[in-house]
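What follows is the residue order along each chain.
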Amino acid sequence: MGWVDVVNAVGVVGALGVGAYQLRTFAVEGRQRDADRRIERSLELYEDVVVGGDTAEAFHRLSVLLRHRGTEQFGRTTWLILTDDDFDPGGVLDPSATGVGTPFADFYRIIWFFERAENALDFGLLNEDVFFRTTGFHCWWWGQLLGQVSAAKAMKSLRGLAPRAEQWARTEGLLESWMSHCLTDFNGGPAAVAGAGPKQTPGPV
């Protein structure tokens, strides 16, 4: 083999090495971009709940309404836990009330948010830790308020997310803090822990 062949061989090997390095770099950068995007999506969902827009407004309106109804009924600052009976005529979620911003419309916007969040989580589009660290409390808290509603098919997602958020909080040592901030939030009483049976509802005080 002449020196020209040697030079050419070295050049080919060098080019292959550079190509392999570039491919590895691209793969690492691609994984980092994917990871960053999962974090971004998780934070975007959190913004949907607390910052602004139609979904955040629906969360706010229904929360204010349930706090008003609950406080009126139980004589302390609390939120009313909804049931299927609230879809009856005259109930909080009476579907005959039409228009944007009605409790019925807000309820569905809220549970559709949780349906979207659960699907994104299950398809690996979110960073699970970031999602539960930012939005987990809301999954758990609304799971307490709406967990007794079974008439709406989309409630399946919230009933799935709420215990997952609770388990995440328990693992992270945050569940006790969550519960300590909600001692009278639900029908005048504390939260129900998953698997602990029906929550006892106190009477008016």
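Predicted model, so just to flag it, every value in this text is computed and none were measured.

Calculation rules
Residues numbered from 1 in each chain as written. Predicted model: local features only at pLDDT ≥ 70, side-chain atom pairs only at ≥ 80, totals over all residues. Heavy atoms only, no water. Axes fitted to C-alpha atoms, helices over the stretch in contact; angles between N-to-C directions. Helix = DSSP H or I, 4+ residues; strand = E, 2+ residues; numbered from the N terminus. Parallel < 35°, antiparallel > 145°, perpendicular 65-115°, else oblique. Left-handed = near helix turned anticlockwise from the far one by under 90°. Contact = heavy atoms within 4.5 Å. Nonpolar A, V, L, I, M, F, W, Y, C, P; charged D, E, K, R; others polar. Core = buried A, V, L, I, M, F, W, Y, C linked by side-chain atoms within 4.5 Å. Buried < 20%, exposed > 50% of the residue type's maximum accessible area, 1.4 Å probe, protein only. Salt bridge = Lys/Arg side-chain N within 4 Å of Asp/Glu carboxyl O. pLDDT = per-residue confidence, 0-100.

Student: Sorry, what's going on with the packing of helix 4 (residues 128–146) against helix 5 (residues 155–172) here?
Tutor: Across the interface, helix 4 lies against helix 5 with an axial gap of 7 Å and an inter-helix angle of 125°. Viewed along their axes, helix 4 and helix 5 adopt a mutual orientation that is oblique. At the point where helix 4 passes helix 5, the crossing takes the left-handed sense. Across from D129, F131, F132, R133, G136, C139, W140, W142, G143 and L146 in helix 4, the residues of helix 5 making contact are M155, L158, L161, A162, R164, A165, E166, W168 and E172. For the contact of helix 4 with helix 5, the per-class residue count stands at twelve nonpolar, two polar and five charged.

Student: What's the story with the packing of helix 3 (residues 103–122) against helix 4 in this structure? I'm lost.
Tutor: The description of two helices packed together rests on the angle between their axes and the distance between the axes. Contact geometry of helix 3 with helix 4 gives a least axis separation of 12 Å together with a crossing angle of 140°. Crossing of helix 3 against helix 4: the hand is left-handed. Across from F107, I110, I111, F113, F114, A117 and L121 in helix 3, the residues of helix 4 making contact are E128, F131, F132, T135, H138, C139, W142 and L146. Residues belonging to the contact of helix 3 with helix 4 are distributed by class as follows: twelve nonpolar, two polar and one charged.

Student: I keep staring at the nonpolar core and nothing clicks. Help me out?
Tutor: Most often, soluble globular proteins keep nonpolar side chains buried together rather than apart. Residues L66, F107, F114, F131, W142, L145 and L146 are the most contacted members of the largest nonpolar core, which totals 45 residues. Contributions of two or more residues to this core are made by helix 1 (3–50), helix 2 (53–74), helix 3, helix 4, helix 5 and helix 6 (175–180). Residues contacting F131, with those up to four places away along its chain left out, are S42, L45, A117, L121, L126, G136, C139 and L161.

Student: Is there a simple way to think about the pattern of salt bridges in this case?
Tutor: Under the criterion given, the structure shown has nine salt bridges. Across the salt bridge formed by R37 and E44, the nearest N and O atoms sit 3.1 Å from each other. On the accessibility criterion, R37 (30% relative accessible area) is partly exposed. Of the charged contacts, one joins D122 and R164 as a salt bridge, the two residues approaching to 3.0 Å between their closest N and O atoms. With D122 in helix 3 and R164 in helix 5, the pair connects residues that are 42 residues apart, well separated along the chain. In this structure, a network of salt bridges that share partners links the residues R37, E40 and E44.

Student: When you look at the confidence of the model for the protein chain in this model, what are you seeing that I'm missing?
Tutor: Close reading of the predicted structure is inappropriate where its pLDDT is low. Within the protein chain, residue pLDDT values average 87, and 80% of them lie at 70 or more. Segment residues 195–205 is flagged for pLDDT under 50; beyond a separation of four residues in sequence, or across chains, it makes 18 contacts in the model.

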